[in-house]
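Close look at the chain arrangement
Spelled out, the chains give:
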Amino acid sequence: MNDFLNQVRLVWEWLTSTQQWHGDEGIPQRLLEHLTYSGVALLFAALIGLTFGLLVGHTGRGAFAVASVANLARAIPTFGLVVLVVTLAGLSTTPVLVALVALAVPPILINTFEGVRGVDPASRDAARGVGMTEWEVLVRVEVPMALPLILLGLRIAAIQVVATATVAAYPGLGGLGRFIVDGLSRNDYQLVIGGSAIVVVLALVVQIVFTVLRRVIVSPGLRAPASRP
């Protein structure tokens, strides 16, 4: 217990040290780098996952292919993908972004697809019956009803990306993972635990943001807890 309390005290001292909040290697700079990698990766993943999830969910065409590709992407180890792309493309932000996008697409794609396909067929028929086009059916009926699952997919992807963006440090780039990598190389566990603690807090913040977003934009009648993974 005393060892645990000593570790907490050392991490707290590190986090509250003025030195850690200034310069190119300070927490604000590393946090900005981390958020940049995460945000860009999530944006591209959302564009891919939402586009194909909505299209396939609405038309029903290519459902097996979407599920197969998404499951295959889930099985790819992120760090292994980073190493592979670094070997092929060289040291840059590209391998990090490719790995993070590959990690984030499956939950967005699958949850969007399942959300749209799970809409009551009677609601679709009623919308078409009043003269809505297929685009209007998708945007005005299917998307609002599928929104809980769509947000769930985005939330899972965002948390995974934020937690896994620490891999950006391994090919020599920045982000919060820099604290972990540098700490391990120096046997400085205060640095390792401190960096890990910031990543955990950031993931919790992402969780809170999506919880609030769900409460704000999802219809009260659709807020029942989603059961999809």
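Criteria and thresholds
- Residues numbered from 1 in each chain as written.
- Predicted model: local features only at pLDDT ≥ 70, side-chain atom pairs only at ≥ 80, totals over all residues.
- Heavy atoms only, no water.
- Helix = DSSP H or I, 4+ residues; strand = E, 2+ residues; numbered from the N terminus.
- Areas by Shrake-Rupley, 256 points an atom, 1.4 Å probe, with all protein chains shown as cover.
- Core = buried A, V, L, I, M, F, W, Y, C linked by side-chain atoms within 4.5 Å.
- Buried < 20%, exposed > 50% of the residue type's maximum accessible area, 1.4 Å probe, protein only.
- Contact = heavy atoms within 4.5 Å.
- Salt bridge = Lys/Arg side-chain N within 4 Å of Asp/Glu carboxyl O.
- Axes fitted to C-alpha atoms, helices over the stretch in contact; angles between N-to-C directions.
- Parallel < 35°, antiparallel > 145°, perpendicular 65-115°, else oblique.
- Left-handed = near helix turned anticlockwise from the far one by under 90°.
- Nonpolar A, V, L, I, M, F, W, Y, C, P; charged D, E, K, R; others polar.
- pLDDT = per-residue confidence, 0-100.
- Patch = residues over 30% accessible without salt bridge, like charges linked within 9 Å, V, L, I, M, F, W, Y side chains within 5 Å.
- Expected span 1.5 Å × (residues − 1).
- Bend = angle between axes of the 7 residues up to and from the residue.

What follows covers the overall build of the protein chain. For the protein chain, the helix and strand inventory stands at 9 helices and 0 strands. In the protein chain, the succession of α and β elements from N to C terminus is α-α-α-α-α-α-α-α-α. With an accessible surface of roughly 12300 Å², the protein chain has 67% of that area assigned to carbon and sulfur atoms.

The next subject is the nonpolar core. Formed by 41 residues in total, the largest nonpolar core has its most connected members in W14, A45, L100, I108, L154, L176 and F179. Of all the secondary-structure elements, those providing two or more residues to this core are α2 (27-59), α3 (63-75), α5 (93-117), α7 (134-164) and α9 (189-217). Excluding residues that lie within four positions of it along the chain, F179 makes contacts with W14, E25, G26, I27, R30, L191, V192 and G195.

Moving on, we come to the pattern of salt bridges. Evaluation of the coordinates by the stated rule reveals 6 salt bridges. Among the ionic pairs, R178 bridges to D182, the shortest N-O distance being 3.1 Å. Here D182 and R178 lie together in helix α8 (residues 177-186), a separation of 4 residues that amounts to about one turn. Across this residue pair, the class does not change: R178 and D182 are buried. With its nearest N and O atoms 4.0 Å apart, the salt bridge here joins D182 to R186. Residue D182 and its partner R186 are located together in helix α8, separated by 4 residues, close to a single helical turn. A residue is classified by how much of its surface remains accessible, and D182, at 17% relative accessible area, is buried. Linked through salt bridges whose partners overlap, the residues forming this network are D125, R128 and E134.

On to the packing of α7 against α9. Close contact between α7 and α9 brings their axes to 9 Å; oriented N to C, the two are set at 165 degrees. Taken together, α7 and α9 sit at an angle that is classed as roughly antiparallel. Seen from above, α7 lies across α9 with right-handed handedness. For the pair α7 and α9, contact is made by L147, P148, L151, L154, R155, A158, I159, V162 and A163 and by V199, L202, A203, V206, Q207, F210, L213, R214 and I217, respectively. Each residue belonging to the contact of α7 with α9 can be placed in one class, and the counts come to 15 nonpolar, 1 polar and 2 charged.

Moving on, we get to the confidence of the model for the protein chain. With 89% of its residues at a pLDDT of 70 or more, the protein chain has an overall mean of 83. For the protein chain, helix α4 (residues 78-89) is the element with the lowest average pLDDT, namely 69, and α2 is the one with the highest, namely 92. Within the model, the stretch residues 225-229 combines pLDDT values under 50 with 10 contacts to residues more than four positions away or in other chains.

Let's shift gears to a nonpolar patch on the surface. Taken together, the side chains of V40, L43, F44, L47, I48 and F52 make up a nonpolar region of the molecular surface, amounting to roughly 550 Å² of accessible area. For L43, a relative accessible area of 51% corresponds to the exposed category.

A few words on α5. Each full turn of the α-helix corresponds to 3.6 residues, which orients residues three or four apart in the same direction. Its 25 residues place the ends of α5 36 Å apart at the C-alpha level, agreeing with the 36 Å of an ideal helix rising 1.5 Å per residue. Approximately 30 degrees is the largest bend angle found in α5, and it occurs at V105, with the proline P106 only one to four residues beyond.

Helix length check: α9, at 29 residues, gives a terminal C-alpha distance of 42 Å against a target of 42 Å (1.5 Å per residue), a fit within 8%. When we look at burial in α9, the residues that qualify are L191, V192, G194, G195, I198, V199, L202, A203, V206, F210 and R214.

Locating P171 in the fold gives a position in the loop between α7 and α8. Judged by its relative accessible area of 11%, P171 falls in the buried class. With 76 residues separating them along the chain, P171 and P95 place their C-alpha atoms 8.7 Å apart.

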